[in-house]
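# Per-entry structural report
Residues per chain are reported as follows:
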Amino acid sequence: MWDYTDKVKDHFLNPRNVGEIDSPSGIGEVGSLACGDALTLTFKLGDDGKIVDAKFKTFGCASAIASSSALTEMVKGLTLDEAEKLTNEDIAKYLGGLPKEKMHCSVMGREALEAAIANYRGVPIPMALGELVCECFGVTDLEIKRAIQESNLRTVEEVTNFTKAGGGCGKCEDKIEELLREVRKEAKEEIAIEEQPKRLTNIQKIKMIEEVLDREIRPALKKDGGDIELIDVDGDFVIVSLRGACVSCAKSQTTLKEYVEKKLREQVLDTLIVEEGKV
Amino acid sequence: MSLGEDRQVIYMDNNATTKVAPEVLEVMLPYFSEQYGNPSSMHSFGGSVGKMVVGAREKVSSLIGAQPDELVFTSCGTESDSTAILSAIQSFSDKRHIVTTRVEHPAVKNLCEQLDTLTGHKHKITSLPVESDGTIDLNRFEESLTDDTAIVSIMWANNETGVIFPIEEMVEITKNRGILFHTDAVQAVGKIPIDLNKVPIDFLSISGHKLHAPKGVGVLYVRKGTPFVPFMTGGHQEHGRRGGTENVTSIIGLGKACELAATKMNDENTRVKALRDKLEEGLLSNIPSSILNGHKTLRLPNTSNISFEYVEGESILLHLDRYNICASSGSACTSGSLEPSHVLRAMGVPFTAAHGSIRFSLSVYNTEEEVDFIIDKLPPIIANLREMSPFWKGSHPGQVGGANCKCSC
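Residues numbered from 1 in each chain as written. Chains lettered and ligands numbered in written order. Predicted model: local features only at pLDDT ≥ 70, side-chain atom pairs only at ≥ 80, totals over all residues. Heavy atoms only, no water.

Moving on, we get to the overall build of chain B. Across its full length, chain B holds 13 helices and 13 strands. What you see for chain B is a C-alpha radius of gyration of 22 Å, in line with the 22 Å of a compact globule of 409 residues. With the principal axes as the frame, chain B shows a C-alpha extent of 75 × 50 × 35 Å. Relative to its 409 residues, chain B shows a buried fraction of 57%. For chain B, the share of sequence-separated contacts (at least 6 apart) that also reach a separation of at least 24 residues comes to 75%. (Helix = DSSP H or I, 4+ residues; strand = E, 2+ residues; numbered from the N terminus. Rg over C-alpha atoms; globule rule 2.2 N^0.38 Å. Buried < 20%, exposed > 50% of the residue type's maximum accessible area, 1.4 Å probe, protein only. Contact = heavy atoms within 4.5 Å.)

And the structure:
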């Protein structure tokens with residue numbers, strides 16, 4: 001169970017400013033059903049250039065609802081220039097803190113505000129102009145860089161907690177890693193990966209397998225009137241076809257596993273799996 | 001954190017864990033204090049404890065139609081699962097293929113995914129898909145088996161939806177093919193009748209705390225004649241199949257719990273099932289845009305998994321918590337991960353529904369008043385959250401993020 005502050009609980013159970021303003025000055029919509037949270041923020045600007053009213057509609061967990069509620073309270077009475085300076089950290093602070101896995105809820109609040117201000121000004125949402133990094137949650141490099149900078153993030157996991165980037169298929173983790181290095185100006189030098197367990201390319205693998213087949217396996221099989229042919233190598237799966245006397249030999253499966261596979265594991269790669277291909 | 005007021009707890013999260021039955025606690029108590037002997041000792045002080053362990057073994061075995069010496073007591077369901085699968089791949093070290101499903105508990109799912117690093121060998125894992133109602137296609141199962149298959153590990157009943165798999169039929173298909181069969185039956189044992197006299201399965205996992213015994217005790221059934229390699233090596237306990245001094249007190253408790261389960265099996269499948277059905281029908285008919293997840297009838301009698309579209313599960317749970325109602329959710333937010341339940345995703349439940357899924361899992365201790373209370377309290381909670389949701393009757397386009405998701409989720 002999440003350790004929510006009393007303030008979070010209060011804003012979740014008694015959310016302020018739920019709804020949508022009719023003909024608002026600006027509207028910001030972020031998130032999606034697929035992402036698991038979404039927020040629509042509307043605000044009304046007064047004649048004095050200050051926000052007189054703000055309302056929200058949120059689909060999401062307790063901290064998403066509480067962050068939205070807090071946001072609407074915080075922006076009232078601010079000019080747009082002032083509102084623009086609000087960060088997700090300000091929202092989290094207002095709520096007495098959020099569990100680290102839930103920081104993205106405060107980020108969503110801030111982004112809705114930015115989207116609403118951009119909508120009022122008739123300009124594109126600044127963060128959306130960046131390059132899309134996380135396809136699962138639609139997060140751009142600009143959002144990630146800003147989160148790293150403002151919240152002093154150090155790891156991919158922290159970036160995920162704050163922006164959700166990398167929390168889906170995980171394909172963009174390398175890119176996030178890169179952005180972390182870039183922003184934190186850490187040595188670009190790749191730390192030499194020491195003693196990486198043997199990683200062979202497919203070509204290398206095939207060459208080595210052929211060598212072992214020629215040198216040891218084929219001569220042994222030929223003694224019994226058999227032969228073997230390499231058909232394919234797919235990752236660790238070595239597909240072979242037994243020929244000659246092997247085809248009708250009752251022990252051919254044993255030969256395949258206990259002799260061929262064993263030899264190849266000893267001399268090429270100990271993860272190889274030999275299978276007979278039907279050709 | 002507790003949002004609850006001082007109110008009696010309404011516990012409908014019995015697939016997560018159960019209350020220790022009072023009768024179970026009672027038989028356990030002396031073995032925490034005066035009866036502290038080691039069952040392996042030569043003296044009669046320890047020996048009398050040993051007899052209790054023997055008695056417990058008989059009670060557990062009779063619940064599932066096994067022989068007492070086919071049981072190995074473990075520390076939990078997860079240990080039982082690990083023991084079975086790791087034993088099978090060591091017994092058949094030349095076979096490198098495992099058949100499982102996409103909806104297994106993490107105890108099996110994550111183990112299978114990590115076998116390569118654990119064993120140093122590459123394994124081919126076939127994770128069978130499920131239909132939209134959570135059931136499995138037997139033809140597809142049969143086609144997945146190969147001569148290289150070392151073990152099949154498929155749960156008897158799903159923890160999230162309660163959907164029951166046709167284990168008997170699947171065992172029949174694998175029979176005489178030199179393939180070992182393991183089932184994670186932690187949700188099934190005690191809830192539905194299981195008779196291993198009639199199902200020639202090799203391994204079956206039980207977890208004590210899912211059937212009103214305490215946490216920290218489990219069982220692995222190993223059929224007589226099935227090759228076995230221990231997971232924990234040490235003393236001669238459990239006939240050398242699991243080293244370590246027995247968790248005597250909990251084992252005695254588990255024996256009692258199994259005895260009780262046998263006597264309450266009928267109640268579970270009639271009265272509890274009727275309560276579950278009443279709850280389910282009450283919620284589905286009173287709350288629009290609510291959907292049952294899982295097959296309507298091929299299901300445990302105690303489990304109901306319902307999606308409430310356009311709202312999010314954690315919010316629902318925390319509102320229920322104010323009334324001291326305990327349930328669980330397959331939403332992303334409750335787990336701390338960012339994606340909803342792998343079970344619901346495997347069933348193809350759309351995102352509109354997956355994030356708003358709630359599982360109620362009942363036990364023989366639930367009452368009709370509790371069911372009525374939930375049917376009364378939940379509809380306004382959903383209505384209130386939907387009022388707040390931009391998707392409810394709204395036209396939120398959700399243009400930022402997720403909409404063009406290209407990953408497998």
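With that out of the way, let us pick up the sheet that holds strand E2 (residues 37–45) of chain A. Residue and element names in this part refer to chain A. As summarised here, the arrangement of the 3 strands in space is E1-E2-E3, forming an open sheet in which the pairing is antiparallel. Edge positions in the open sheet fall to strand E1 (26–32) and strand E3 (51–59), since each of these has one partner strand only. The average angle at which neighbouring strand axes cross in this sheet is 10°, direction not considered. (Pairing = 2+ DSSP bridges. Axes fitted to C-alpha atoms, helices over the stretch in contact; angles between N-to-C directions.)

Our focus in this paragraph is unusual backbone geometry. Residue and element names in this part refer to chain B. Of note, His212 is a non-glycine position whose phi angle comes to about 70°, a positive value. Judged by its relative accessible area of 14%, His212 falls in the buried class. A positive phi angle is found at Ser289, which is not glycine, with a value near 50°. Position of Ser289 relative to the elements: it lies in the loop between helix H8 (248–286) and strand E9 (290–292). Given a relative accessible area of 31%, Ser289 falls into the partly exposed group.

To continue, consider the packing of helix H5 (residues 103–121) of chain A against helix H7 (residues 156–163) of chain A. All names here are of chain A. As a packed pair, H5 and H7 sit with axes 5 Å apart at the nearest point and diverge in direction by 50°. Of the possible angle classes, the one that applies to H5 and H7 is oblique. Facing H5, whose interface residues are Met103, His104 and Val107, H7 presents Asn161, Phe162 and Thr163. Tallied by class, the residues present in the contact of H5 with H7 amount to 3 nonpolar, 3 polar and no charged. (Parallel < 35°, antiparallel > 145°, perpendicular 65-115°, else oblique. Nonpolar A, V, L, I, M, F, W, Y, C, P; charged D, E, K, R; others polar.)

In this structure, Ile144 and Ile176 of chain A together with Leu279, Phe308, Ile316, Phe360 and Leu378 of chain B are the most contacted members of the largest nonpolar core, which totals 86 residues. No other element matches the 9 residues that H5 of chain A contributes to this core. Excluding residues within four positions of it along the chain, Leu378 of chain B makes contact with Leu283, Ile287, Phe308, Ile316, Leu320 and Phe360 of chain B. Core analysis: the second largest hydrophobic core is formed by 66 residues, Ala56, Val130, Ile154 and Met347 of chain B among them. (Core = buried A, V, L, I, M, F, W, Y, C linked by side-chain atoms within 4.5 Å.)

This paragraph deals with the packing of aromatic side chains. Ring pairs (aromatic) are described by centroid distance and by the angle formed between their planes. Applying the stated criterion to the full structure yields 6 aromatic pairs over all chains. A centroid spacing of 5.9 Å and a plane angle of 85° characterise the contact between Tyr323 of chain B and Phe373 of chain B, whose relative ring orientation is edge-to-face. In this pair, Tyr323 of chain B is assigned in the loop between helix H9 (313–322) and strand E11 (325–326) and Phe373 of chain B in helix H13 (residues 368–388), connecting sequence segments 50 residues apart. Overall, Tyr323 of chain B belongs to the partly exposed group, its relative accessible area being 24%. Directly above the aromatic system of Tyr94 of chain A lies the positively charged group of Lys7 of chain A, at a separation of 4.2 Å from the ring centroid. The cationic tip of Lys124 of chain B hangs over the ring face of Phe237 of chain A; the distance from NZ or CZ to the ring centre is 5.3 Å. (Phe/Tyr/Trp six-rings, centres within 6.5 Å; stacked < 30°, edge-to-face > 60°. Lys NZ or Arg CZ within 6 Å of the ring centre and 35° of its normal.)

Relative to the assigned elements, Arg110 of chain A resides in helix H5. Apart from the residues within four sequence positions on either side, Arg110 of chain A is in contact with Leu86, Thr87, Asn88, Ile91, Arg146 and Glu150 of chain A.

Along its sequence, chain A is organised into domain 1 (1–126), domain 2 (130–190) and domain 3 (202–276). A separation of 64 Å is found between the C-alpha centroids of domain 1 of chain A and domain 3 of chain A. (Domains from an automatic or database assignment.)

Here we take up the pattern of salt bridges. Residues and elements named next belong to chain A. By the definition in use, this model includes 42 salt bridges over all chains. For Asp37, the salt bridge is made with Lys164, and the minimal N-O distance between the two is 2.9 Å. Note that Asp37 is positioned in strand E2 and Lys164 in the loop between H7 and helix H8 (173–183), a separation of 127 residues in sequence. Overall, the relative accessible area of 7% leaves Lys164 in the buried class. Three or more residues are tied together by salt bridges with common partners; here these are Arg110, Glu114, Arg146 and Glu150. (Salt bridge = Lys/Arg side-chain N within 4 Å of Asp/Glu carboxyl O.)

Of all the residues in helix H1 (residues 6–13) of chain A, the buried ones are Val8, Lys9, His11, Phe12 and Leu13 of chain A. Those residues of H1 of chain A that are buried lie in contact with helix H2 (62–75) and helix H4 (88–94) of chain A together with H9 of chain B.

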